[in-house]
Amino acid sequence: MKFENISNKQLSECIDTWIKGERNRQIMKRRLIDLITFEKLAEEFDLSARQVKYIVYHNEQVSFKQISK
């Protein structure tokens, strides 16, 4: 499943419902809806790119699981 086939509204609602933590929800929306790079997200949220990638990859699995139901 790819997020390109899901509306921004559906994706935003899924993130708001299933992703824990305000920062993580913001990161997920910026990455999946706004298509911001890992490096720019790292700067924006004062994290390393590696930390941002972990947050995104982990929470993508949570989102995929809920959307595919």
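Shown above is the structure to which this text applies.
An account of the accompanying structure is given in this report. Chains are numbered independently. Their residues run from 1 in the order of the written sequence. Local features in this predicted model are restricted to residues of pLDDT 70 or higher, and side-chain atom pairs are both shown and tallied only at a pLDDT of 80 or more, whereas totals for entire chains, interfaces and linings draw on every residue. Excluding hydrogens and water, the side-chain values take into account all heavy atoms of the structure.

## Concerning helix H4 (residues 49-67)
An α-helical segment advances 3.6 residues per turn. Residues three or four places apart therefore align on the same side. What counts is decided by this rule: Going along the chain from the N terminus, every DSSP run of H or I of four or more residues is numbered as a helix, and every run of E of two or more is numbered as a strand. By this rule, a helix spans an expected 1.5 Å times one less than how many residues it contains. Each residue is assigned to one of three classes by its accessible area relative to the maximum for its type, calculated with a 1.4 Å probe on protein chains only: buried under 20%, partly exposed between the two thresholds, exposed over 50%. Picture the helix axis, draw a direction to every C-beta atom, and the arc is the one those directions span. Here a residue-residue contact requires only that any non-hydrogen atoms of the pair lie within 4.5 Å.
Helix length check: H4, at 19 residues, gives a terminal C-alpha distance of 26 Å against a target of 27 Å (1.5 Å per residue), a fit within 8%. All of the buried residues along H4 are Val52, Ile55, Val56, Asn59, Glu60, Ser63 and Gln66. Angularly, the buried residues of H4 cover 135 degrees about the axis, an arc narrow enough to put them on a single face. Seen from the open side of H4, the exposed residues pointing more than 90 degrees away from its buried face are Arg50, Tyr54, Gln61 and Lys65. Those residues of H4 hidden inside the fold are in contact with helix H1 (8-18), helix H2 (22-32) and helix H3 (38-45).

## A short note on the packing of H1 against H2
So the rule is basically this: Structural elements are reduced to axes, namely lines fitted to C-alpha atoms, with helices fitted over the stretch in contact, and the angle between N-to-C directions of any two is expressed from 0 to 180 degrees. For this classification, under 35 degrees means roughly parallel, over 145 means roughly antiparallel, 65 to 115 means roughly perpendicular, and everything else is oblique. For a crossing to be left-handed, the near helix must be turned anticlockwise from the far one by less than a right angle; the clockwise case is right-handed. Note that Gly is not counted as nonpolar here; it falls among the polar residues with everything else outside the nonpolar set of Ala, Val, Leu, Ile, Met, Phe, Trp, Tyr, Cys and Pro and the charged set of Asp, Glu, Lys and Arg.
Contact pair H1 / H2: the axes reach a minimum separation of 9 Å and the direction vectors enclose 160 degrees. With respect to H2, the axis of H1 lies roughly antiparallel. The hand of the H1/H2 crossing is right-handed. Between H1, through Leu11, Ser12, Ile15 and Asp16, and H2, the contact on the second element is made entirely by Arg25, Met28, Lys29 and Leu32. Partitioning the contact of H1 with H2 into residue classes produces four nonpolar, one polar and three charged.

## Section: the packing of aromatic side chains
Just so we agree on the cut-off: Think of it this way: a Phe, Tyr or Trp ring, Trp meaning its six-membered ring, pairs with another when their centres are within 6.5 Å, and the plane angle makes it stacked under 30 degrees, edge-to-face over 60, tilted otherwise.
Within the structure shown, the criterion is met by one aromatic pair. Centre to centre, the rings of Phe38 and Tyr57 are 5.7 Å apart; their planes meet at 70 degrees, and the pair counts as edge-to-face. Pair noted here: Phe38 is in helix H3 and Tyr57 is in helix H4, with a separation of 19 residues, a long-range link.

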